[in-house]
2 protein chains.
Amino acid sequence: MDFSNYFPIWDKLTPSQQETIRNASSSRKVAKGTVIHNGTMHCLGLLLIRSGQLRVYILSEDGREVTLYRLFERDICLFSASCMMKNVQFDVTIEAEKDTDLWVIPASLFKSLSEESVAVANYANQLMASRFSEVMWLVEQIMWKSFDKRLAGFLLEESALDETTTLKITHEKIANHLGTAREVVTRMLRYFQNEGLVRLTRGTVTLTDVEGLKALEG
Amino acid sequence: MDFSNYFPIWDKLTPSQQETIRNASSSRKVAKGTVIHNGTMHCLGLLLIRSGQLRVYILSEDGREVTLYRLFERDICLFSASCMMKNVQFDVTIEAEKDTDLWVIPASLFKSLSEESVAVANYANQLMASRFSEVMWLVEQIMWKSFDKRLAGFLLEESALDETTTLKITHEKIANHLGTAREVVTRMLRYFQNEGLVRLTRGTVTLTDVEGLKALEG
């Protein structure tokens, strides 16, 4: 186990705190598609991502989704320990978007560490501020940006993440990321196709004019 | 000056920290309508509200607004010290919505306190979690709730805050709170008027069926 490289404030912990974390933490493999946290599940703890990709999203009562942000290698997942944080009054769902290797620092240990270590408390604060910033970015996107720009941005982001211009993704799934209806996505993708920006086949969206999509995203 | 009642973790500070805060803090009166924080202003610090009301909102490049949340007596305003917080990558505007009395704990003092006191660091974390929760509530409102419900909710909230059913507010101002266009507000208010929920005159909206608005808000 080689925590020290993945836990940014490792050097600010006392040897005894480091020892406690080493003994209490575990490593875990999570298969793509697994939900590892939601409002009703037992709260895991702080997750250090060794490799893979997590998606954090909210879910409405009638099953609609919006992606809040994603977490990648070396990111730390804070809200999987939300049960230990005062005043967090919302639920998120966290799912593995790729096969993911992570370390789990149990929620109760994270809580006791943040109560005794000013470094841990401040680091938790920075993590929360980062996630808050991502959600504020999303609010600005939703409020100020028209849907064509958001969709162009999403396709470009997916293409960069998967390192391909041929995305294997359904219109339903895109709608879930962006918090809209499938019909809205289909209509806009057809418009994009007419404009020569993408090519649509069953189950794929191929980006045929990346520069054009970037210009549209603005 | 009677900080101790307004600063919830006063008892967790050392006598010397209490002394430092007493000496460095100042009280300030802010007239209704004053902007006390935005992206370009010098960052004031942590604000303890003695009386009055602050509105925290975001502003688009073309001048559109959305209210994120409001702060009332005994609330603590955290983002007026955002310059001292790592990883906060968004700007909010904070304005006095009523004449407001507050204490200012300078940003640099807040920073040094949160670096030395685990109680302050954890309290800052709780404050951030509270504000984050309010923004998440807003995201859910925007994403899942239709505009008629949001408008009904806003009118009921205003009515409760001002303790009157006759709101002196323009359609423009309502649009700024809810992040939409004035025309959209006007259209919906006229629909509400036809339904007997409100009565409109120049510059006022009178709630004529509070129960009906509550039922609509759901």
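Structure's up top.
Our subject in this report is the structure included herewith. (Residues numbered from 1 in each chain as written. Chains lettered and ligands numbered in written order. Predicted model: local features only at pLDDT ≥ 70, side-chain atom pairs only at ≥ 80, totals over all residues. Heavy atoms only, no water.)

A word on the sheet that holds strand β11 (residues 204-207) of chain A
Two modes of strand pairing occur in sheets, parallel and antiparallel, and in both the strands are linked by backbone hydrogen bonds. Residue and element names in this part refer to chain A. Put simply, the rule is: Between any two strands, at least two bridges found by DSSP are needed for them to pair. Note on conventions: DSSP H or I runs of at least 4 residues are helices, E runs of at least 2 residues are strands, and numbering of each starts at the N terminus. Between N-to-C directions, angles span 0 to 180 degrees; the directions come from axes that are lines fitted to C-alpha atoms, helices contributing only their stretch in contact.
The 3 strands are arranged β9-β11-β10 in an open sheet whose pairing can be described as antiparallel. Every interior strand has two partners, whereas the edge strands, β9 (166-168) and β10 (198-201), have only one. Here the average twist between neighbouring strands, direction ignored, is 20°. Note that β10 and β11 share 4 bridges and pair antiparallel. Paired with V198 across the bridge in β11 is L207.

Overview of the interface of chain A and chain B
So the rule is basically this: The contact criterion used throughout is that any non-hydrogen atoms of two residues lie within 4.5 Å. Throughout, buried area stands for the accessible area (probe radius 1.4 Å) lost by two parts on being put together, summed over both. A pair is scored as a salt bridge if a Lys or Arg side-chain nitrogen falls within 4 Å of a carboxyl oxygen belonging to Asp or Glu. Nitrogen and oxygen atoms within 3.5 Å of one another constitute a polar contact, given that in protein one can donate a hydrogen and the other can accept it, and given that sequence-neighbouring residues count only through two side-chain atoms.
Between chain A and chain B, the residue contacts involve 38 residues of the former and 38 residues of the latter. Interface area for chain A against chain B, summed over the two sides, is near 3,400 Å², with a carbon-plus-sulfur share of 71%. The largest share of the area that chain A buries against chain B comes from A:F132, A:M143 and A:W144, three residues that together contribute 21% of it. Linking chain A with chain B are 0 salt bridges, by the criterion used here. Inspection of the region where chain A meets chain B yields 14 residue pairs in polar contact (both at pLDDT 80 or more).

Comments concerning the side chain of B:S60
All names here are of chain B. Here is the rule: Buried, partly exposed and exposed residues are distinguished by accessible area as a fraction of the type maximum, computed with a 1.4 Å probe on protein chains only: under 20%, between the cut-offs, and over 50%, respectively.
Within the secondary structure, S60 sits in the loop between β4 (53-59) and β5 (65-72). Take S60: its relative accessible area is 8%, and that puts it in the buried class. Side chain to side chain, S60 and D62 meet in a polar contact 2.4 Å long.

Some details on the relation of the copies chain A and chain B
This is how it is decided: Least-squares fitting of one copy onto the other uses the C-alpha atoms of those residues that reach a pLDDT of at least 70 in both copies.
Superposing chain A onto chain B requires a rotation of 180° together with a translation of 0.0 Å along the rotation axis, leaving an RMSD of 0.0 Å. Taken together, the rotation and translation relating the two chain copies correspond to the operation of a two-fold axis. Of every C-alpha in chain A, the one belonging to A:V118 sits nearest the axis of rotation, 2.3 Å from it. Looking at chain A, 100% of its interface residues are interface residues in chain B too, so the copies touch through the same face.

Focus: helix α2 (residues 107-116) of chain A
Stated precisely, the cut-off is as follows: The directions from the helix axis to the C-beta atoms are what the arc is built from.
Among the residues of α2(A), A:A107, A:L109, A:F110, A:L113 and A:S114 are the ones counted as buried. Considered in projection along α2(A), the buried side chains sweep an arc of 160° and stay on one side of the axis. On its buried face, α2(A) is in contact with α1 (15-24), β3 (45-51), β8 (100-106) and α3 (118-144) of chain A together with α3 (118-144) of chain B.

Describing the pairing of strand β7 (residues 93-96) of chain A
Side-chain positions along a regular strand alternate between the two faces of the sheet. Residue and element names in this part refer to chain A. Side chains T93 and E95 of β7 all project onto a buried face; the interleaved residues I94 and A96 project onto the opposite face, where all are buried too. By the bridge criterion, 2 bridges tie strand β2 (residues 35-37) to β7 in an arrangement that is antiparallel. The residue of β7 that forms the bridge with V35 is E95. Sheet analysis places strand β4 (residues 53-59) next to β7, joined by 4 bridges and oriented antiparallel. Its bridge partner lying in β7, Y57 is registered against T93.

Observations concerning the environment of A:I76
Residues and elements named next belong to chain A. On the secondary structure map, I76 appears in strand β6 (residues 76-77). As for I76 and I49, which are separated by 27 residues in sequence, their C-alpha atoms are 6.3 Å apart. If sequence neighbours within four positions are ignored, I76 has contacts with Y6, F7, P8, L46, L47, L48, L71, Y123, L127 and R131.

Digging into the pairing of β4(A)
Residue and element names in this part refer to chain A. Taking burial as the measure, the 7 residues of β4 include 6 buried ones, the bulk of the element. By the bridge criterion, 7 bridges tie β4 to strand β5 (residues 65-72) in an arrangement that is antiparallel. Looking at the pairing, L59 lines up with E65 of β5. Counted between consecutive antiparallel strands, the loop separating β4 from β5 contains 5 residues, among which G63 sits at a positive phi close to 90°.

Here's the deal with the packing of helix α1 (residues 15-24) of chain B against helix α2 (residues 107-116) of chain B
Residue and element names in this part refer to chain B. Stated precisely, the cut-off is as follows: Angles below 35 degrees are treated as roughly parallel, those above 145 as roughly antiparallel, those between 65 and 115 as roughly perpendicular, and all remaining angles as oblique.
Orientation of α1 relative to α2, taken along the N-to-C sense of each, is 170°, at an axis distance of 11 Å. One finds that α1 runs roughly antiparallel with respect to α2. For the pair α1 and α2, contact is made by Q17, T20, I21 and A24 and by L109, L113 and E116, respectively.

Describing the state of the cysteines
Residues and elements named next belong to chain A. Operational definition: Here, two cysteine sulfur atoms that lie within 2.5 Å of each other are counted as a disulfide.
For the coordinates displayed, the defined rule picks out 2 disulfides over all chains. One disulfide bridge connects C43 with C83, the sulfur atoms lying 2.1 Å from each other. With the S-S dihedral at roughly -80°, the linkage between C43 and C83 falls on the left-handed side. Residue C43 is found in the loop between β2 and β3, and its partner C83 is found in the loop between β6 and β7; the two are separated by 40 residues along the sequence. Here C43 falls in the buried class, since its relative accessible area comes to 8%. Since its relative accessible area comes to 46%, C83 is described here as partly exposed. Summary of cysteine pairing: C77 is not part of a disulfide, and the nearest cysteine sulfur, belonging to C43, is at 9.9 Å. Of the residues examined, C77 reaches a relative accessible area of 1% and is grouped as buried.

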